[in-house]
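In case you want the letters, here they are:
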Amino acid sequence: NRENTDTSISTNNTERIRVDSAGDVGIGENDPANLLNLKKTDDSQPLLHVNQNGNSGGILLNMHDVTTARAIEGVNGSGTTQFFIRMSGDFSLESI
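Just so you know, these numbers come straight off a predicted model, no measurement behind them. (Residues numbered from 1 in each chain as written. Predicted model: local features only at pLDDT ≥ 70, side-chain atom pairs only at ≥ 80, totals over all residues. Heavy atoms only, no water.)

Caption draft 1: Local environment of the side chain of glutamate 29. Relative to the assigned elements, glutamate 29 resides in the loop between β3 (25–27) and β4 (36–38). Of the side chains with opposite charge, lysine 39 lies nearest to the buried glutamate 29, which makes no salt bridge, at 4.0 Å. At 3.1 Å, the side chain of glutamate 29 and the backbone nitrogen of aspartate 31 are in polar contact. When neighbours within four sequence positions are excluded, glutamate 29 is seen to be in contact with Arg18, Asn37 and Lys39. (Helix = DSSP H or I, 4+ residues; strand = E, 2+ residues; numbered from the N terminus. Buried < 20%, exposed > 50% of the residue type's maximum accessible area, 1.4 Å probe, protein only. Lys, Arg positive; Asp, Glu negative; His and termini not counted. Salt bridge = Lys/Arg side-chain N within 4 Å of Asp/Glu carboxyl O. Polar contact = N/O pair within 3.5 Å; in protein donor to acceptor, adjacent residues only side chain to side chain. Contact = heavy atoms within 4.5 Å.)

Caption draft 2: Examining the environment of asparagine 34 more closely. By the secondary structure assignment, asparagine 34 is in the loop between β3 and β4. The exposure class of asparagine 34 is partly exposed, given its relative accessible area of 44%. Taking the C-alpha atoms as reference points, asparagine 34 and alanine 22, separated by 12 residues in sequence, lie 9.6 Å from one another. Setting aside its immediate chain neighbours within four residues, asparagine 34 contacts Asp24 and Val25.

Caption draft 3: Structural context of the environment of leucine 48. Within the fold, leucine 48 resides in strand β5 (residues 48–50). Those residues in contact with leucine 48 that lie beyond four places of it in its chain are Leu38, Ile59, Leu60 and Leu61.

Caption draft 4: Representation of unusual backbone geometry in the model. Phi angles above zero are rare outside glycine, and asparagine 12 is one such case at about 50°. Structurally, the position occupied by asparagine 12 is in the loop between β1 (7–11) and β2 (14–19). Backbone geometry at asparagine 13 places phi at a positive 60°, although glycine is not the residue there. Within the secondary structure, asparagine 13 is located in the loop between β1 and β2. Classification of asparagine 13 as exposed rests on a relative accessible area of 83%.

Caption draft 5: Broad picture of the pattern of salt bridges. Overall, the coordinates contain 2 salt bridges when judged by the stated rule. Across the pair arginine 18 and aspartate 6 runs a salt bridge whose closest N-O atoms are separated by 2.9 Å. Here arginine 18, found in strand β2, pairs with aspartate 6, found in the segment before β1; they are 12 residues apart in sequence, far enough to count as distant. Its relative accessible area of 34% is what places aspartate 6 among the partly exposed residues. Linking arginine 18 and glutamate 15 is a salt bridge whose minimum nitrogen-to-oxygen distance equals 2.6 Å. With a relative accessible area of 16%, arginine 18 lands in the buried category.

Here it is as structure tokens:
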């Protein structure tokens, strides 16, 4: 899209990704205000899961995890938590 307009990607009649005319990207957000905006309405899975080898490990970003209040969590390949930072700012390093 070379015009000065937004570009979006939709599936199942629902917009999923938008790149606005300023180059800001929204995933789950149709009016991104920053370079990258992520928005999710379902709290059953992390907002963001970054991993390298395709296993269950990696860094998880849970912004609304009310059961553990863990905002950032490091998980090994077996799915075991290695460290976490709570929404309050508390940090815990689990025994490895």
